[in-house]
Amino acid sequence: MKFGKSVCIINVGGARYTFPQDVMKDFPLRRLSRLHSCASEREVLEVCDDYDRERNEFFFDRHAEAFGFLMLYAQHGTLRFAPHMCELSFYNEMLYWGLESSHLEFCCQRRLDERMSDTYTRFSEEDRCAEPELPRARRDSKWLERMRRTFEEPTSSVAAQILASVSVIFVIVSMVMLCASTLPDWKTAESNVVEEHRYTDCLEKAEIIEAVCIGWFTAECIVRFIVSRDKCEFVRRPLNIIDLLAITPYYISVTMTVLTGENSQLQRAGVTLRVLRMMRIFWVIKLARHFLGLQTLGLTLRRCYREMVMLLVFICVAMAIFGALAQLLEHGLDLKSGNEEYASIPAACWWVIISMTTVGYGDMYPITVPGRVLGGLCVVSGIVLLALPITFIYHSFVQCYHELKFRSARCTRSLSAEFLN
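In this text the structure is predicted, and so the values were computed from the model without any measurement.

**Student:** Help me understand the sheet that holds strand β4 (residues 57-60) in this model?
**Tutor:** As summarised here, the arrangement of the four strands in space is β2-β1-β4-β3, forming an open sheet in which the pairing is mixed. Two strands bound the open sheet, and with one partner strand each, they are β2 (15-20) and β3 (50-52). Averaged over all adjacent pairs, the angle separating strand axes in this sheet is 20°, with direction ignored. Two strands pair when backbone bridges link them, and β3 and β4 are joined in this way by three bridges, in the antiparallel orientation. Within β4, the residue paired with D50 across the bridge is F59.

This is how it looks when you write it as structure tokens:
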């Protein structure tokens, strides 16, 4: 610093600190050390918020308490979070003054990582793309933005709520028709000659309802694709892929009818078409767009995939150990009079998984005393192993629920303001 006095004053949120200029040169906080290399007031004002040349005082409009803890780090080399202060806010102060998360103590680094993973929010394209549009396209972009929010956020407006309600009704109707088509009375009428006419009428009505539902879902998907900002991102979204998987089987079935000339009864006899027809069950997942609980479940599974993998590893290791021991104790020691239900390790692994999850179908069970002791250990081990990672999943579920609930409440407040206006 080639101007001012030999002593400089740092004013952070009203808290004043006095430093010699020689100390400022190699100060641990990079923003303060940059002041030493400033050659003009213009460069100084790029580093701080204000500067008093007469008193050689530099003003920073930042959190005073957080800066106090950063000063402790500069003096003693140990950096921890300030009490009663959000970890993310303190981390933001660290970044401003030129520190990284690696400067924190290990315990505080772990708290920061957990906090950042817990408060991660997957914003929609509307939230991420907030750049101003070109003036000549402002009216079109505003209309497209309103359409996107109407189709993507059910709580964004009254029209979005009505559209979401209609979509939910169509999903429920489609699921009812799918379930009704598998009832025994439906299949009996299908093969009964006396009730053939009645069955034909019912089948025509069911096909009409199915066509209407498919038409609604198709139109909704097409409109959402047209008004989407990024078409490639739209195609990659999981819910949109599920929509496509739920709609495509119907059009494949109709196409095969047109090309082969077969009636619908013969088509349903085909295994492939029956599988495609049953894929309509994916429509239930469409409800995740409109219900907070399903969104919470999906977000929790996305964030806790490490815990889920850990849970599967625990189960697989326990299955391998207890399955091998159960096969040995129940069948391997006495091949002639052994329990045939445990003739192989894969068969014993089935018993292990239903025992560890405390389902207990009773289709196979140990008959020897060592096998029963092993079964008791298997059940107790299953309870312990399943309980360990489930605790982390539970806490993540609660945090995801509150996060999505807060976002939904924010959209609801915007909706109320729009309605009042």
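**Student:** When you look at the side chain of E57 in this model, what are you seeing that I'm missing?
**Tutor:** Structurally, E57 is set in strand β4. Relative accessible area serves as the criterion here: at 1%, E57 is assigned to the buried category. A polar contact of 3.3 Å, which involves the side chain of E57, links it to the side chain of R55. Apart from the residues within four sequence positions on either side, E57 is in contact with I9, N11, R16, D50, Y51 and D52.

**Student:** I'm lost on the packing of aromatic side chains in this one. Help?
**Tutor:** Aromatic ring pairs: the centre-centre distance and the angle between the two ring planes describe each pair. On inspection of all chains with the given rule, the structure shows eleven aromatic pairs. Summarising the aromatic geometry, the rings of F170 and W216 are spaced 5.1 Å apart at their centres and angled 15° between planes, so their arrangement reads as stacked. Here the residue F170 occupies a position in helix α9 (residues 158-180), and W216 occupies one in helix α11 (residues 196-227), the gap between them amounting to 46 residues. Ring-pair connections join several aromatic residues into one group, and the members of that group are Y17, F60, F67, Y96 and W97. Over the aromatic face of Y96 sits the side chain of R62, whose NZ or CZ is 4.0 Å from the ring centroid. The ring of F225 carries the charged tip of K231 above its face, separated from the ring centre by 5.9 Å.

**Student:** What's the story with the nonpolar core in this structure? I'm lost.
**Tutor:** Side chains of a nonpolar character, in soluble globular proteins, are inclined to be buried together. By size, the foremost hydrophobic cluster in this structure holds 34 residues, and its most contacted members are I10, L32, L35, F58, F60, F90 and W97. For this core, the secondary-structure elements that each account for two or more residues are β1 (7-12), α2 (30-36), α3 (41-47), β4, α4 (64-76), α5 (87-97) and α6 (106-118). Core analysis: the second largest hydrophobic core is formed by eleven residues, A326, W351, V352 and L374 among them.

**Student:** What should I look at first to understand the pairing of β2 in this one?
**Tutor:** Every other side chain in a regular strand lies on the same face of the sheet, so the side chains alternate between the two faces. The pairing of β1 with β2 spans six bridges and is antiparallel. The residue bridging I9 from the neighbouring strand is T18, located in β2. A loop of two residues connects β1 with β2, the two strands running antiparallel in sequence, and G13 in this loop sits at a positive phi of about 60°.

**Student:** Help me understand the environment of I315 in this model?
**Tutor:** By secondary structure assignment, the location of I315 is in helix α17 (residues 305-332). Sequence spacing of I315 and L386 is 71 residues, and the spatial spacing of their C-alpha atoms is 8.1 Å. Other than its neighbours up to four places away in sequence, I315 contacts I353, M356 and L386.

Definitions and limits used
Residues numbered from 1 in each chain as written. Predicted model: local features only at pLDDT ≥ 70, side-chain atom pairs only at ≥ 80, totals over all residues. Heavy atoms only, no water. Pairing = 2+ DSSP bridges. Helix = DSSP H or I, 4+ residues; strand = E, 2+ residues; numbered from the N terminus. Axes fitted to C-alpha atoms, helices over the stretch in contact; angles between N-to-C directions. Buried < 20%, exposed > 50% of the residue type's maximum accessible area, 1.4 Å probe, protein only. Polar contact = N/O pair within 3.5 Å; in protein donor to acceptor, adjacent residues only side chain to side chain. Contact = heavy atoms within 4.5 Å. Phe/Tyr/Trp six-rings, centres within 6.5 Å; stacked < 30°, edge-to-face > 60°. Lys NZ or Arg CZ within 6 Å of the ring centre and 35° of its normal. Core = buried A, V, L, I, M, F, W, Y, C linked by side-chain atoms within 4.5 Å.

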